[in-house]
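Listed below are the residues making up each chain.
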Amino acid sequence: MNNKQQIINLEGITFRYPGARENVIDNLDLKFFSGSRIGLIAPNGSGKTTLFHIIMGLLKPDAGRIEIFGQPVSREKDFEKVRRRIGLLFQDADDQLFSPTVLEDVAFGPLNLGKSKEEAIDISRKTLAFLGLSDFEERITFKLSGGEKRLVSLATVLSMEPEVLLLDEPTTGLDNHTREKLIEALNSLDLAYIVISHEYDFVNAVAPEIYKMENGQIFHDEELQIHIHEHVHRYGREPHKHG
Ligand SMILES: Nc1ncnc2c1ncn2[C@@H]1O[C@H](COP(=O)(O)OP(=O)(O)OP(=O)(O)O)[C@@H](O)[C@H]1O
Ligand SMILES: [Mg+2]
C-alpha cells in the first residue's frame, strides 16, 4: 500500500535568466512525496536556489508544469496558497529577516497568516524555545551574528507551521555545536523537506535520499550516497547494517 501524497511534481521545467546564454534549469523533472527527506548536493551555480525559487513561485519557468499538493499552479494566486504550506529558508538570511527584533520577525509570519497577536507571540516563543533561542526574543535582528541569523531565519519559517520545508544551505555560518542542534531539530520535526547543502555529513545526518543537479536536471545520486557512506562510516564500502 502506498499512501504517500505527492507534494511537488515538476515536469519539464525550463528556466533561463533574462540575458543569459544557457538555461539554468533545463527540462527538469522532480517528484517529491509526503514523508520524504531529500538532500540536494551540486556545485555552485548549478541552479539549486533557482529551483527552490521556481517551486515557491518567485521565478516563473519558461516552460513546464508545476503541481503542488496535487494541484496545478501557475498564477500568483495559486502560489500564495503554496507559500502558506511550504516554508522556504532563503540562502541569504538578509532576505528573510526584516523586523527590528527577533520576536517581531518570528511573529510576522503567523500574524500575516491571520493569527491573533497573542497566538502569534505564543507560537513564536515556542518556536524560539524549540531551537534553543529563548534568550534571543528581544535581540536586535540586524546585530545578530551570521550563525544566529541563520537559526532565527529558520524560526521565522517554522513559526508559520509549514507542512514542507525547502532549506537552502541551512548550515552556513553554523559552528559544530549549533550544526548538531540543527540536525537534532530537523530529525525531531515531523515534516518533509528538501535540503540543499555542501556539507556531506550534514546531509547524511538529515536526509536519507541524496540527489544531485547536473546540466539543469536533477538525479538520484547513488554514487554520492555510497561516497557519503565512506566518509561517515568507518566501514566504507564493506557490507554493513544500519540500526
Ligand atoms: N538574478 C540572476 N540573474 C542572472 N543570472 C543569475 C541570477 N541568479 C542566479 N543567476 C545565475 O544562475 C546560475 C544558477 O544560480 P543559483 O543561485 O540557482 O545556483 P546555486 O546552485 O544555488 O549556487 P550556490 O551553490 O552558489 O548557491 C548561476 O550561474 C548564477 O550566476
Ligand atoms: Mg544557491
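Higher on the page you've got the structure.
Just so it is clear, the structure is predicted and the values come from calculations on it, not from any experiment.

J.: Residue-level account of the pairing of strand S9 (residues 209–214), with values.
T.: Of the pairings in the sheet, the one linking strand S3 (residues 37–41) to S9 comprises four bridges and is parallel in character. Looking at the pairing, Ile-41 lines up with Lys-212 of S9. The pairing of S9 with strand S10 (residues 217–220) spans four bridges and is classified as antiparallel. In the sheet register, Lys-212 faces S10, and the bridge partner there is Phe-219. Connecting the antiparallel pair S9 and S10 is a turn made up of two residues, with Asn-215 showing a positive phi of about 50°.

J.: Describe unusual backbone geometry, listing the residues and the values that go with them.
T.: With glycine set apart, most residues show a phi of negative sign, and most peptide bonds adopt trans. At Glu-169, a residue that is not glycine, the phi angle is positive and equals roughly 55°. Its location among the elements puts Glu-169 in the loop between strand S7 (164–168) and helix H6 (176–188). Even without a glycine there, the phi angle at Asn-215 is positive, about 50°. Of note, Asn-215 is situated in the loop between S9 and S10.

J.: Tell me about the environment of Leu-165, residues and numbers included.
T.: Within the secondary structure, Leu-165 sits in strand S7. Classification of Leu-165 as buried rests on a relative accessible area of 0%. On a C-alpha basis, the gap between Leu-165 and Ile-194 in space is 6.4 Å, while along the polypeptide they are 29 residues apart. When neighbours within four sequence positions are excluded, Leu-165 is seen to be in contact with Gly-87, Val-157, Leu-158, Leu-186, Leu-189, Leu-191, Ala-192, Tyr-193 and Ile-194.

J.: Can you tell me about the packing of helix H3 (residues 102–112) against helix H4 (residues 117–130), naming the residues and giving the values?
T.: It is the contact of H3 with H4, at a shortest axis distance of 8 Å, that shows an interaxial angle of 120°. Of the possible angle classes, the one that applies to H3 and H4 is oblique. For the pair H3 and H4, the sense of crossing is right-handed. Facing H3, whose interface residues are Val-102, Leu-103, Val-106, Ala-107, Pro-110 and Leu-111, H4 presents Lys-117, Ala-120, Ile-121, Ile-123, Ser-124, Arg-125 and Leu-128. Here the contact of H3 with H4 is built from residues that sort into 10 nonpolar, one polar and two charged.

J.: Explain the site of ligand 1 to me, and be specific about the residues and the numbers.
T.: Taken together, Tyr-17, Val-24, Pro-43, Asn-44, Gly-45, Ser-46, Gly-47, Lys-48, Thr-49, Thr-50, Gln-91 and His-198 make up all the residues around ligand 1. The separation between an oxygen atom of ligand 1 and a polar side-chain atom of Lys-48 is 2.7 Å. For ligand 1, whose accessible area on its own is 640 Å², the fraction buried by protein is 58%. Within the shell around ligand 1, the residues separate by chemical class into three nonpolar, eight polar and one charged.

J.: How would you summarise the packing of aromatic side chains if you had to cite specific residues and measurements?
T.: The geometry of two aromatic rings is summed up by the distance between their centres and the angle between their planes. Per the counting criterion, the structure on display carries two aromatic pairs. With 4.8 Å between their ring centres and 90° between their planes, Phe-15 and Tyr-17 make a pair best called edge-to-face. A relative accessible area of 33% means that Tyr-17 is categorised as partly exposed. With centroids separated by 4.9 Å and ring planes inclined at 90°, the aromatic side chains of Phe-98 and Phe-108 adopt a geometry described as edge-to-face. Of the two residues, Phe-98 is situated in the loop between strand S6 (86–89) and H3 and Phe-108 in helix H3; the sequence distance between them amounts to 10 residues. For Phe-98, a relative accessible area of 53% gives the class exposed.

J.: Account for the packing of H3 against helix H5 (residues 146–158), with residues named and values stated.
T.: Across the interface, H3 lies against H5 with an axial gap of 7 Å and an inter-helix angle of 30°. Taken together, the axis directions place H3 and H5 in an arrangement best described as roughly parallel. Along its contact with H3, which presents Val-102, Asp-105 and Val-106, the element H5 presents Val-152, Ala-155 and Thr-156. The residue makeup of the contact of H3 with H5, split by class, is four nonpolar, one polar and one charged.

Thresholds applied
Residues numbered from 1 in each chain as written. Chains lettered and ligands numbered in written order. Predicted model: local features only at pLDDT ≥ 70, side-chain atom pairs only at ≥ 80, totals over all residues. Heavy atoms only, no water. Pairing = 2+ DSSP bridges. Helix = DSSP H or I, 4+ residues; strand = E, 2+ residues; numbered from the N terminus. Buried < 20%, exposed > 50% of the residue type's maximum accessible area, 1.4 Å probe, protein only. Contact = heavy atoms within 4.5 Å. Axes fitted to C-alpha atoms, helices over the stretch in contact; angles between N-to-C directions. Parallel < 35°, antiparallel > 145°, perpendicular 65-115°, else oblique. Left-handed = near helix turned anticlockwise from the far one by under 90°. Nonpolar A, V, L, I, M, F, W, Y, C, P; charged D, E, K, R; others polar. Near = heavy atom within 4 Å. Polar contact = N/O pair within 3.5 Å; in protein donor to acceptor, adjacent residues only side chain to side chain. Areas by Shrake-Rupley, 256 points an atom, 1.4 Å probe, with all protein chains shown as cover. Phe/Tyr/Trp six-rings, centres within 6.5 Å; stacked < 30°, edge-to-face > 60°.

These figures come from the coordinates and say nothing about function on their own.
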